[in-house]
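Geometric and topological summary
So the chains spell out like this:
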Amino acid sequence: MWPAELSVPTSKLDVDAVVAHPWCGSVCDRPLEYRGPHQLSRNGWTNFTERLERGEEIALLRALAVGRAHALDVGGGTGELTAAVATQAGRCKAVEPHRDRVAVLGEMAAVEVHPGHAEALPFPDRSFDFVLAAWMLPYVQDLRAALHEIARVCDNEDPDATIVIVGGASDNELVRLLNDVCIPLSGEEPDHQGFLLVEAARAFAEHGFTDFSLLRTEAALHFPETSEDDRIKSAATTLADFWFEGHPRSVDMRLALEPALREHFAHRPHAIGDQGIALVARPSRRR
Ligand SMILES: C[S@@+](CC[C@H](N)C(=O)[O-])C[C@H]1O[C@@H](n2cnc3c(N)ncnc32)[C@H](O)[C@@H]1O
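What counts and what doesn't
- Residues numbered from 1 in each chain as written.
- Predicted model: local features only at pLDDT ≥ 70, side-chain atom pairs only at ≥ 80, totals over all residues.
- Heavy atoms only, no water.
- Helix = DSSP H or I, 4+ residues; strand = E, 2+ residues; numbered from the N terminus.
- Rg over C-alpha atoms; globule rule 2.2 N^0.38 Å.
- Buried < 20%, exposed > 50% of the residue type's maximum accessible area, 1.4 Å probe, protein only.
- Areas by Shrake-Rupley, 256 points an atom, 1.4 Å probe, with all protein chains shown as cover.
- Near = heavy atom within 4 Å.
- Polar contact = N/O pair within 3.5 Å; in protein donor to acceptor, adjacent residues only side chain to side chain.
- 1 Å grid on protein atoms, 1.4 Å probe; cavity = no way out; pocket = protein on both sides within 12 Å on 5 of 7 lines; lining within 4 Å.
- Sits in = over half its atoms within 2 Å of the grid points.
- Nonpolar A, V, L, I, M, F, W, Y, C, P; charged D, E, K, R; others polar.
- UniProt positions renumbered as here; feature names shortened; annotations may be inferred.
- Points joined across faces, edges and corners; volume = space filled by probe spheres on them.
- Expected span 1.5 Å × (residues − 1).
- Contact = heavy atoms within 4.5 Å.
- Salt bridge = Lys/Arg side-chain N within 4 Å of Asp/Glu carboxyl O.

Some points on the overall build of the chain
- Looking only at helices and strands, one finds ten helices and ten strands in the chain.
- Relative to the 2.2 N^0.38 estimate, which gives 19 Å for 287 residues, the radius of gyration of the chain is 18 Å and therefore close to what a compact globule would have.
- Counting only C-alpha atoms and orienting by the principal axes, one finds that the chain spans roughly 55 × 45 × 35 Å.
- Counting over 287 residues, the chain shows a buried share of 53%.
- Carbon together with sulfur atoms contributes 51% to the accessible area of the chain, which is approximately 12,400 Å² in total.

A word on the site of the ligand
- Looking at the ligand, there are 19 residues lining it, with Arg54, Gly75, Glu96, Arg101 and Ala134 nearest.
- For the ligand, an oxygen atom lies 2.5 Å from a polar atom in the side chain of arginine 54.
- Contacts to the ligand include glycine 75, whose backbone N or O atom sits 2.8 Å from a nitrogen atom.
- Here the ligand occupies the largest pocket.
- Broken down by class, the residue content of the shell around the ligand amounts to ten nonpolar, five polar and four charged.

Re the UniProt feature "domain: Methyltransferase type" (unreviewed entry) in the chain
- The feature "domain: Methyltransferase type" (unreviewed entry), as annotated in UniProt, sits at residues 72-154 in this numbering.
- Helix makes up 35% of residues 72-154 and strand 22%, whereas the separation of the span's terminal C-alpha atoms amounts to 9 Å.

Comments concerning the layout of surface pockets
- Here the largest pocket is characterised by a volume of approximately 760 Å³.
- As for the largest pocket, its lining consists of 40 residues, and the residues nearest its centre are Leu40, Arg101, Trp135, Met136 and Tyr139.
- Elements represented by at least two residues in the lining of the largest pocket include exactly helix 2 (42-51), strand 2 (71-74), helix 4 (80-89), strand 3 (92-96), helix 7 (173-186) and helix 9 (228-244).
- Sort the elements by how many residues they give to the lining of the largest pocket and helix 2 lands first, with three residues.
- Taken together, the residues of the lining of the largest pocket sort by class into 20 nonpolar, 13 polar and seven charged.
- Size it by volume and the second largest pocket reaches roughly 350 Å³.
- Asp29, Asn179, Asp191, His192 and Gln193 are, among the 23 residues lining the second largest pocket, the residues nearest its centre.

Points about helix 8 (residues 193-206)
- In this model, helix 8 (14 residues) spans 21 Å end to end at C-alpha, consistent with the 20 Å of a helix rising 1.5 Å per residue.
- Here helix 8 lies mainly inside the structure; ten of its 14 residues are buried.
- Residues of helix 8 that are buried: Gln193, Gly194, Phe195, Leu196, Leu197, Val198, Ala200, Ala201, Ala203 and Phe204.
- Where helix 8 is buried, its residues touch helix 1 (15-20), helix 6 (143-153), strand 6 (162-168), helix 7, strand 7 (211-217) and strand 10 (276-282).
- Positive phi shows up at glycine 208, right after helix 8, with a value of about 90 degrees.

Here's the deal with empty space enclosed by the protein
- The full count for this structure, using the stated rule, is two cavities of 30 Å³ or more.
- For the largest cavity, the calculated volume is near 70 Å³.
- Along the walls of the largest cavity sit Pro31, Glu33, Tyr34, Arg35, Gly36, His38, Pro138, Pro190, Asp191, His192, Phe195 and Leu196, which together make up its complete lining.
- For the lining of the largest cavity, the per-class residue count stands at six nonpolar, three polar and three charged.
- Reported here for the second largest cavity is a volume of approximately 50 Å³.
- For the second largest cavity, the full set of lining residues is Trp135, Met136, Leu137, Pro138, Ile165, Val166, Gly167, Gln193, Leu196 and Leu197.
- The set of elements that each furnish at least two residues to the lining of the second largest cavity consists of strand 6 and helix 8.
- Considering only residue class, the lining of the second largest cavity consists of eight nonpolar, two polar and no charged.

A few points about the environment of tyrosine 34
- Residue position: tyrosine 34 is located in the loop between helix 1 and helix 2.
- Remark: the alpha-carbon pair of tyrosine 34 and glycine 79, spanning 45 residues in sequence, is separated by 26 Å.
- Those residues in contact with tyrosine 34 that lie beyond four places of it in its chain are Leu137, Pro138, Tyr139, Val140, Gln141, Leu143, Phe195 and Leu196.
- A polar contact of 3.2 Å, which involves the side chain of tyrosine 34, links it to the backbone oxygen of leucine 137.

Overview of the pattern of salt bridges
- Within this structure, the stated rule accounts for 23 salt bridges.
- A salt bridge links glutamate 57 to arginine 54, with the nearest nitrogen and oxygen atoms 3.1 Å apart. Like arginine 54, glutamate 57 is buried.
- Through salt bridges that share partners, Arg54, Glu57 and Glu80 make up one connected network.

So this is what it looks like as structure tokens:
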């Protein structure tokens, strides 16, 4: 859908238009402050990625990285997106705190991995012309520090420099199920992906990145099991383990997910959507 040889359409939003955009969720439901990080488990994330199909997201990132030569992926994870950017830009640096994921990234061609955190990126100001942070912001301790670091290392004097934040769309099916079923049992505040995108736009605007676009991608977790009961059990484990592996109420969460998943699979029998939004920020001089 996003052939790398074509330029990606931009909608030229200003920061206020991002804040008000329905893809960032209803303004009334948005929290006033960051809820704090989710715990991303090791096994939960691995099981999750084995089910995840996100070819459209990969194609979008490749298209956005066309012409970029100094790329960074913050929170590279197991490197699927890092590799896509490296393919386009020639190489890609990655910052990642988790030891096992650092090892995986370290094995990848054209990827240079730096153990570390988004809140303190180990690079001088304006080191990159492409900075990606995909599905990473919900895991940082200090959201504001992470966003300002991402903007600091991207070259706001290069009119084509590009920051891309990928997060969940307001109709993301996975986040809805977790918010509706697991969050009330966890005692935590609900997740709000749009809040993170809005906070990112506000922080980037302070650094001169005031030319925004929002682009939507479709991705989904797939459950090919023939038996509905098998699908429900697999999906309940995958979802509960994603943020709550080892949580004292994780068994209750799995049980509570089962009726919600039965209802979900009645409408979409083999997939749970992980619909994404890419916030793309560039310096204002592009106008
Ligand atoms: C959901 S995964 C996404 C990985 C990758 N960006 C992707 O989309 O495939 C989130 C990643 O962020 C990393 N992470 C967690 N806290 C972080 C922080 N403070 N700074 C940078 N990365 C962090 C996790 O270790 C994990 O690899």
